[in-house]
Amino acid sequence: MRIQVKTGRLGQVQDGVAVFTALEGEEHPSSLLPSHGRLLSLVSRSGFRGALNETILLPEGKRWVLVVGIGKMKDLSLDRVRQMAGTAAKAVRAQGLKRLTIPVLSHRALGSAAEVAQAIAEGALLGLYRYDKLKQLPKHEQSRRIEGITLVVERAGDAASARQGVAKAEAIAEAVTLTRDLINGPSNLVTPTRLADEARAIARRYRLKCTVTPFAQLKRLGFGGIVGVAQGATHPAQFIVLDYSPARAKATYALCGKGITFDTGGINIKPSAKMELMKYDMAGAAAVLGTLKAAASLKLPVRIIGIIAATDNMPSGSAQKPGDVLRTLSGKTVEVLNTDAEGRLVLSDCLHYAKRFKPDYTIDLATLTGACVVALGSEAIGLMANDERLAARITQAGERTRERVWRLPLWEEFGGQMIKSDIADLRNVTNTGEAGTITAAKFLEAFTEGLRWAHLDIAGTAWAERPKPYVPKGAVGIGVRLLIELLSNGK
Ligand code: BES
Ligand code: ZN
Ligand code: ZN
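Residues numbered from 1 in each chain as written. Chains lettered and ligands numbered in written order. Predicted model: local features only at pLDDT ≥ 70, side-chain atom pairs only at ≥ 80, totals over all residues. Heavy atoms only, no water.

### Focus: the coordination of the zinc ion (ligand 2)
At the metal site, the zinc ion (ligand 2) is ligated by Asp-263 (OD), Asp-340 (O), Asp-340 (OD) and Glu-342 (OE), and these contacts range over 2.0 to 2.2 Å. The site at the zinc ion (ligand 2) holds six donor atoms, and with the angles between them running 71 to 169°, its shape is irregular. Here the zinc ion (ligand 2) and the zinc ion (ligand 3) are spaced 3.2 Å apart, and both take Asp-263 as a donor. With a gap of 77 residues between them, Asp-263 in strand 9 (residues 252–263) and Asp-340 in the loop between strand 12 (333–336) and helix 10 (343–354) connect regions that are remote in the sequence. With relative accessibility at 3%, the residue Asp-263 sits in the buried group. With a relative accessible area of 22%, Asp-340 lands in the partly exposed category. (Donors = N, O, S within 2.8 Å, 3.2 Å for Na, K, Ca; no water. Tetrahedral: all angles 85-135°; square planar, octahedral: opposite > 155°, others 65-115°. Helix = DSSP H or I, 4+ residues; strand = E, 2+ residues; numbered from the N terminus. Buried < 20%, exposed > 50% of the residue type's maximum accessible area, 1.4 Å probe, protein only.)

### Brief notes about the coordination of the zinc ion (ligand 3)
Only Lys-258 (NZ), Asp-263 (OD), Asp-281 (OD) and Glu-342 (OE) from the protein reach the zinc ion (ligand 3) as donors, at distances of 2.0 to 2.4 Å. Classification of the site at the zinc ion (ligand 3) rests on its six donor atoms, whose angles at the metal span 78 to 172°, yielding the label octahedral. Positions of the donor residues of the zinc ion (ligand 3), expressed as sequence spacing, correspond to K-x4-D-x17-D-x60-E.

### Observations regarding the pattern of salt bridges
Side chains carrying opposite charge are able to pair once their charged atoms draw close together. The tally for this structure, following the rule as stated, stands at 29 salt bridges. Between Arg-82 and Glu-122 there is a salt bridge whose closest N-O contact spans 3.4 Å. Here Arg-82 is found in helix 2 (residues 78–94), whereas its partner Glu-122 is found in helix 3 (residues 113–127), with 40 residues between them in sequence. The pair Arg-82 / Glu-122 is uniform in exposure class, with both members buried. Residues Arg-407 and Glu-388 are paired through a salt bridge, measuring 3.0 Å at the closest nitrogen-oxygen approach. (Salt bridge = Lys/Arg side-chain N within 4 Å of Asp/Glu carboxyl O.)

### A closer look at the layout of surface pockets
One number sums up the size of the second largest pocket: a volume of about 610 Å³. As for the second largest pocket, its lining consists of 28 residues, of which Leu-78, Arg-82, Glu-115, Arg-400 and Glu-485 are closest to the centre. Every element with two or more residues in the lining of the second largest pocket is listed here: helix 2, helix 3, helix 5 (159–184), helix 12 (388–401) and helix 14 (480–488). Of the residues assigned to the lining of the second largest pocket, the class counts are nine nonpolar, eight polar and eleven charged. (1 Å grid on protein atoms, 1.4 Å probe; cavity = no way out; pocket = protein on both sides within 12 Å on 5 of 7 lines; lining within 4 Å. Points joined across faces, edges and corners; volume = space filled by probe spheres on them. Nonpolar A, V, L, I, M, F, W, Y, C, P; charged D, E, K, R; others polar.)

### Points about the site of ligand 1
Of all residues adjacent to ligand 1, which total 16 residues, the nearest are Lys-270, Asp-281, Asp-340, Glu-342 and Gly-370. Between a nitrogen atom of ligand 1 and a side-chain N or O atom of Asp-281, the distance comes to 2.8 Å. Between ligand 1 and the protein, one listed contact pairs an oxygen atom with a backbone N or O atom of Gly-370 at 2.7 Å. Of the residues that constitute the shell around ligand 1, the class distribution is five nonpolar, four polar and seven charged. (Near = heavy atom within 4 Å. Polar contact = N/O pair within 3.5 Å; in protein donor to acceptor, adjacent residues only side chain to side chain.)

### Quick word on the environment of Leu-483
Mapping Leu-483 onto the fold places it in helix 14. Among the residues examined, Leu-483 registers a relative accessible area of 1% and is labelled buried. Once the C-alpha coordinates of Leu-483 and Gln-231 are considered, the two residues, 252 residues apart in sequence, prove to be 32 Å apart. The contacts of Leu-483, once residues within four sequence positions are left out, are Leu-255, Thr-291, Ile-363 and Leu-365. (Contact = heavy atoms within 4.5 Å.)

### A look at the sheet that holds strand 2 (residues 17–24)
Spatial strand order, 1-6-5-2-4-3: six strands in an open sheet with mixed pairing. Across the chains shown, the open sheet's two edge strands, defined by having one partner strand only, are strand 1 (2–7) and strand 3 (55–60). Looking at each pair of strands side by side, their axes are set apart by 25° on average, direction ignored. Inspection of the sheet shows strand 5 (residues 99–103) paired to strand 6 (residues 148–153) by five bridges, in the parallel sense. Directly across from Ile-102, in strand 6, lies its bridge partner Leu-151. Here helix 3 sits on the sheet and contacts strand 1, strand 5 and strand 6; the angle it forms with strand 6, its principal contact strand, is near 160°. Across the sheet, helix 5 lies against strand 1 and strand 6, angled at about 165° from strand 1, the strand it touches most. (Pairing = 2+ DSSP bridges. Axes fitted to C-alpha atoms, helices over the stretch in contact; angles between N-to-C directions.)

### What about the sheet that holds strand 16 (residues 426–427)?
Pairing within the open sheet is mixed, and its three strands lie in the order 11-12-16. The sheet terminates laterally at strand 11 (324–327) and strand 16, the two strands that pair on one side only. Direction of pairing for strand 11 relative to strand 12: antiparallel, over a ladder of four bridges. Bridge pairing links Val-325 to Glu-335 in strand 12.

Rendered as structure tokens:
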């Protein structure tokens, strides 16, 4: 699908359905663009108020006009623009129409033409996403496809900047699409080998360095955390390192991703209700792949090393058993008191491995704890960090992208005795279960000596049970927009 930018007024420049954006007023909807006034007074008589994501589709001669509410002026934000565009694109597609034209709104509360155009393009592209590759769609469904979107700027001087915003959105949406596809894909198709192939494909396309270490070698090399989890699985585990290293990089970031392609719980097997959702336990790994793809495509001036541990967590005759002790790559030994707390085991090796690159910052992404779903629900990523500046920058990137984070403390009381084993250096679960998200992070922290590190628990945010204007039900692709925003802002 093509997105183009043209200069003029909506009405003069119109390709397909014209999208009017309406502000919610006290009595009538109003518009940021004076030329929309007459139309809005008309639709207000139908009861249309301009509430966020409210729509009304009207015929106008041979054409169509779609009015989309964006809510009250005081609440205007880039995220609402993103939502409006997602709502508009989907409404047009649902009608079986092919093209739409959206004005690039201009208002202080929103920012530059580049930022607004980026938000519109992102909202539309991400909103139109569907995971339908495993369906045999009937012809009429197949043909429901948006072919083109035109963005209009009123000032000729804004066109170039809007085009830059669109190009950025296209790179990001392509990466989020990959991330979502990998997460929505079932575990019989998205195996550790498939994740490795995906990393190699990114490496080939953007000329990155990629090394993949399969299970047999991991055993020899001492990756005890990954091996402990992987030894019960039939699909061979893969340890994936994808290195984007541009000339004159301003900083080095290591991004570690939990890539459990299916989490049965292992011998401490999970209850069967909703177990199918555990295909999304590789959402951290998928976000790392998406971030590297977008960063390389956008030529961001920072080095980024993606480090992914990919494996199923399965019960079997060769699976690790409760009480087993494993020796992680760092040398620290862990008593595995619950085989379902496997994410921290594989990540401990990833975090330790990151040290060899001497990164300025290390960030891990993981669907790590059910406790995070309870504590923060689906709107906030759990952030735990040992570096104030990094935490502040991630928080700010979260606000800007609306992939918001909420920080939890790493007080020493949550570590120490809580995660100490009688017979090994650490135990992988506490005996109380209290503060499960934080104690999991304290376990990870034991493998981050010398690193400026942040941990993002995306268990609650990586999968959407309810659709939103630019996030369909299922995989969200959380983390990609957040990290690209962070990495775009240099050191
Ligand atoms: N993958 C799960 C965490 C999870 C739960 C993610 C729900 C998404 C939705 C993780 O491996 C796990 O099972 N954690 C256990 C830890 C416990 C045994 C200490 C949990 O949260 O119950
Ligand atoms: Zn688990
Ligand atoms: Zn898990």
